[in-house]
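Close look at the chain arrangement
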Amino acid sequence: MKKNPLRGWVTLILCALLPPLLAAQPEFTPHPEAWPQTRPAPREPAAEAFIEQLLKQMTLEEKIGQMIQADIAWVSPQDLRTYKLGSILAGGGSAPGGNVRTSPQAWRTLTDEFHREALQGGGPHPAIPVLFGVDAVHGNAKLVGATIFPHNVGLGAAHDPDLVRRLGEATAQEVSAVGIDWTFAPTVAVVRDVRWGRSYESYSESPDLVAAYAAQMVTGLQGRHGSAEFLAPGHTLSSVKHFLGDGGTAAGRDQGMTVGPERELSSVHGAGYPAAINAGAMIVMASYTSWNGVKMHANHYLLTDILKGRLGLDGFVVGDWNGHEEIPGCTKYRCAAAILAGVDMLMAPDSWKAVFDNTLAQARSGEIPAARIDDAVRRILRVKTLAGMFKRSLPPESADAGDFAALGSAAHRALAREAVRKSLVLLKNNHATLPLNARGRILVAGESADSIRDQTGGWTIDWQGDQNTNADFPGATSIYSGIKAAVTAAGGTAEWVADGNFSAKPDAAIVVFGEKPYAEFEGDRENLEYSPGDKHDLELLRKLRAAGVPTVAVFLSGRPLWVNPEINAADAFVAAWLPGSEGEGIADVLLRAPGKQSFDFSGRLSFTWPRTAMPATFDAAGNASGAQFKRGFGLDYQSKPSILEVLSEDPAIPPRWLAPEGSLFHAGHVTAPWSIFVADDSAEVHLTTSHQGSPEGALSVELAPDDKGGAKGTWTGKGLGVWRFSGRAVDLRMQVKQGAVLKLRYRVDRMPEKPVKVGMRCAEALCGSTSGAMLDLTDDFKSAAPGTWHTISIPLTRLSAGGADLKDVVIPLAIETSGRLSLSISEARLAPRSESETPDPGS
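As the structure is a computational prediction, the values presented were derived from the model and not from experiment. (Residues numbered from 1 in each chain as written. Predicted model: local features only at pLDDT ≥ 70, side-chain atom pairs only at ≥ 80, totals over all residues. Heavy atoms only, no water.)

Once that is clear, we can look at the overall build of the chain. In terms of helices and strands, the chain carries 22 helices and 38 strands. Since a compact globule built from 843 residues should have a radius of gyration of about 28 Å, the 27 Å found for the chain is in line with a globular shape. Each principal axis of the C-alpha atoms in the chain carries an extent, and together these give about 80 × 75 × 55 Å. Counting every position in the chain, which comprises 843 residues, the buried fraction comes to 63%. In the chain, the share of contacts with a sequence separation of at least 24, taken over all contacts with a separation of at least 6, comes to 79%. (Helix = DSSP H or I, 4+ residues; strand = E, 2+ residues; numbered from the N terminus. Rg over C-alpha atoms; globule rule 2.2 N^0.38 Å. Buried < 20%, exposed > 50% of the residue type's maximum accessible area, 1.4 Å probe, protein only. Contact = heavy atoms within 4.5 Å.)

With that settled, the discussion passes to the state of the cysteines. With the rule as written, the count across this model stands at two disulfides. Across a sulfur-sulfur distance of 2.2 Å, cysteine 330 and cysteine 335 are joined as a disulfide pair. One quick way to see it: the torsion about the S-S bond of cysteine 330 and cysteine 335 is about 65°, and its sign makes the bridge right-handed. The residues cysteine 330 and cysteine 335 share a single accessibility class, namely buried. Each disulfide pairs two cysteine sulfurs, and for cysteine 762 the partner residue is cysteine 767, the sulfurs being separated by 2.0 Å. Every disulfide takes its handedness from the sign of the S-S torsion; for cysteine 762 and cysteine 767 that torsion is 95°, giving right-handed. With a relative accessible area of 1%, cysteine 762 lands in the buried category. Here the chain pairs its bonded cysteines, counted in sequence order, in the arrangement 1-2, 3-4. (Disulfide = S-S within 2.5 Å.)

With respect to the helices and strands, asparagine 429 occurs in strand β13 (residues 425-429). Note on asparagine 429: relative accessible area 14%, which makes it buried. Expressed as a C-alpha distance, the spacing of asparagine 429 and cysteine 767, which sit 338 residues apart in the sequence, is 50 Å. Those residues within four positions of asparagine 429 in sequence are excluded, and the remaining contacts are Leu434, Asp571, Ala572, Leu635, Tyr637 and Ser642.

What follows deals with unusual backbone geometry. A cis amide bond, omega 15°, links phenylalanine 243 with the succeeding residue leucine 244. Of note in the backbone geometry, leucine 231 takes a positive phi value of approximately 55° without being a glycine. Locating leucine 231 in the fold gives a position in the loop between α7 (207-222) and β5 (237-238). One non-glycine residue, asparagine 322, adopts positive backbone phi at about 50°.

The alternating pattern of strand β2 (residues 87-90) places Ser87 and Leu89 and Ile88 and Ala90 on opposite faces, both of which are buried. Of the pairings in the sheet, the one linking strand β1 (residues 68-71) to β2 comprises three bridges and is parallel in character. Following the sheet pairing, aspartate 71 is matched in β2 by leucine 89. (Pairing = 2+ DSSP bridges.)

The end-to-end C-alpha distance of helix α16 (residues 479-490) is 17 Å, a good match for the 16 Å that twelve residues give at a rise of 1.5 Å each. Phi for glycine 491, located one or two positions after α16, is positive at around 100°. (Expected span 1.5 Å × (residues − 1).)

Within a sheet, adjacent strands bond to each other through the backbone by hydrogen bonds, running parallel or antiparallel. The strand order across the open sheet formed by six strands is β28-β27-β32-β37-β34-β35, and the pairing between neighbours is antiparallel. What marks the edges here is a single partner per strand, and that holds for β28 (684-686) and β35 (773-776). Neighbour-to-neighbour, the strand axes of this sheet turn through a mean angle of 20°, independent of strand direction. (Axes fitted to C-alpha atoms, helices over the stretch in contact; angles between N-to-C directions.)

Here the focus is the sheet that holds strand β10 (residues 294-295). The three strands lie next to each other as β7-β9-β10, forming an open sheet whose pairing is mixed. Because the sheet does not close on itself, it has two edges, and the strands there are β7 (257-258) and β10. With two bridges connecting them, strand β9 (residues 290-291) and β10 associate as antiparallel partners. Within the sheet, the bridge partner assigned to tryptophan 291 lies in β10 and is valine 294.

Before going further, it helps to spend a moment on the environment of valine 259. The residue valine 259 is located in the loop between β7 and α8 (262-269) in this model. It is 8.4 Å that separates the C-alpha atoms of valine 259 and serine 290, two residues lying 31 residues apart in sequence.

For the chain, mean pLDDT is 93; residues scoring 70 or higher make up 95% of the total. Residue range residues 3-26 is modelled with pLDDT below 50. Its contacts to residues more than four positions away, or to other chains, number 85 contacts. Low pLDDT (under 50) marks residues 838-843, which in the prediction has nine contacts with non-local residues, meaning those over four places away or in another chain. (pLDDT = per-residue confidence, 0-100.)

Attention now goes to the side chain of asparagine 140. Relative to the helices and strands, asparagine 140 is located in the loop between β3 (131-134) and α5 (152-158). Here asparagine 140 falls in the buried class, since its relative accessible area comes to 1%. Excluding residues within four positions of it along the chain, asparagine 140 makes contact with Ala146, Thr147, Thr171, Glu174, Val175 and Val178.

Taken N-terminus to C-terminus, the directions of helix α6 (residues 161-176) and α7 make an angle of 30°; their axes are 7 Å apart at the nearest point. Comparing the axis directions of α6 and α7 gives the class roughly parallel. Relative to α7, α6 is oriented so that their crossing is right-handed. Contacts from Pro161, Val164, Arg165, Gly168, Glu169, Thr171 and Ala172 of α6 reach α7 at Ala212, Tyr213, Gln216, Met217, Thr219, Gly220 and Leu221. The class makeup of the residues in the contact of α6 with α7 is seven nonpolar, five polar and two charged. (Parallel < 35°, antiparallel > 145°, perpendicular 65-115°, else oblique. Left-handed = near helix turned anticlockwise from the far one by under 90°. Nonpolar A, V, L, I, M, F, W, Y, C, P; charged D, E, K, R; others polar.)

Residues spaced three or four apart along an α-helix face the same direction, because each turn holds 3.6 residues. Here α7 contains 16 residues, and its C-alpha end-to-end distance of 22 Å stays within 8% of the 22 Å for a straight helix at 1.5 Å per residue. Burial analysis of α7 places 13 of its 16 residues in the buried class, which makes it a mostly covered element. Following α7 by one or two positions, glycine 223 adopts a phi angle in the positive range, close to 95°.

See below:
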């Protein structure tokens, strides 16, 4: 979870190597013995009797309602008077009144309204409370003023399960303070290719560490299972995610496919689930991913036989954000297959009314058996009962009903600061550059040094976290502010100059730089080279080093990246990950002042740090190759002084993963972080496997089984079909001025019957004009010789000639027609003007 559909269209595809891999797979033979046998806690007789009595009294409409979760952007508290929904969520970009920077009181008021409406009268049976869920994946980071903890990738480096438990407790307190009772955490993915855009949500590539952390985070959020604190006030329900294989997708593509034997699926990617269930987890979220060609939302064997049977999940399975729509034969409005497979609650944020109507019809017709409906609802009611939700009183009507003392409390900020210190990993410390004397003259440089946005990353305030400013973080401390406070207190001086220029030579420089915020598929990468198109951070490091200034690099990232040139250019190099709101935790470790408590580096890598710009690879035993620094590596001030020799600055990127600048599609796959989806008049669907049709069958797109044929779109004439390449909004106005072109290498396999338009779409769809940035290229396609490759270069000035403003382009390539057409694409990119007349080698 959870995308903001107002800001992006989802992801992505699978590399074209997968079809031949899948073709080689033997017919599926289940191996349940590959999984541990987890025994659920004994059921409480009184609770079970209550659930069964309630189930008998419920109407079919009420049962179907319990199986649906809607998002606050599309549902109101008053809707619960008619639709007895089981759950409400606030997704990545959703907030009360649509304002992600609203007050905690506004959150509390909204959650209370939903709870009141759900509890107002149940007719012949007790009213059924509604679950309210949110992505509090590193603290209750959707709330302005909350404590924001380091992302999971940093916590993994701490190797401290008890710390994780305490962070879970603090998170639950800050979440429950605003009336939210369900946290979509922890993520227990075991990431094996850190090109994945969700890598920072994973604790480690080590299954053992992930399992240990899973149990502790569940315990922290919910309270110790079997004790009086379990789900007591101040705790929240957790949901373990994403079942299963989300960290193992080919090429690290979000929502892609994991290929491998069942024993590997169990021992690696399934490692966190038995530990979490034993710790009391009662909710598991299904993954977007596929395993060996079968979508997880449709995998009955894994969801029902293994998760609910072998692993003993006694609660329920919730889907991911419209995750059911990617199942062949389903749409986001209708999907019996997911329910039959074992998804008990469909996350249908914007489609919940249609899902309700269609699921009700499927239940009445017998397409979904009554026994399956009762099983799903029984599981949902069991969770609500054990969580004590039926014993809660109506929330007060008062306009100021909230107690927000826990939000951003001093104790929680101190805990977050501790987590920052423990997460830092020292990769290089030549000449004992660190620790720095806090009484000296310290130059702080780099754009990220005074950016709380950069240090908190994605899933912060909104989905991507990229629109935040320091003003959005009251009570937080930037890395620079933390350094300045410590240096000033010690009697030294500290100054932040982003470009590193100075008049008086400093005693040392701290350069803070790294990845900008992203979430989910928008963080996917082709390779691991840091900032390949912009080397100003590297130039800054080299400039300071050349001036004879001892230079410390503090690198912010959601994963290990290939930064050999940057490591070479620094005297000391610190992997700081995404530390959250308490930036002073970095100063605690980097600086020394007489009479002040000192802290050493204790963090050790929980991921392999790559030797080249390609990710580490793993053998059957889980041993990694391709390491510059092995998992477990980390220096400290007690380490024997040593010199890290100059590292190779050859990224060694294979051509397949070295896409040209501006690439949208290359070497048989969509270029990360862009994504492909197919759409028609009813909805859009993400291409996450080798073939995907639009919901109403107007268009299907298929990837060729190698890197030569590219992708083929087939329009059936059943209405308007749109083939889109989309992602985060980009500003192309400068490219327009520079004469850039949209370059497309294509092959017409069936001539168009009706007009074909090609162009771009913006965040406001028509790019600020009445006609948009779409061109009719029917004649171009009709004049192309069928079955041969051709290249067309469309100047961006043609796309903007009708008044379109290309400042917020979210779809840099769209192809649409309502007639029959078959068209293949092998390359698509935004190219400079110099390539506008490039000869076509395939014509």
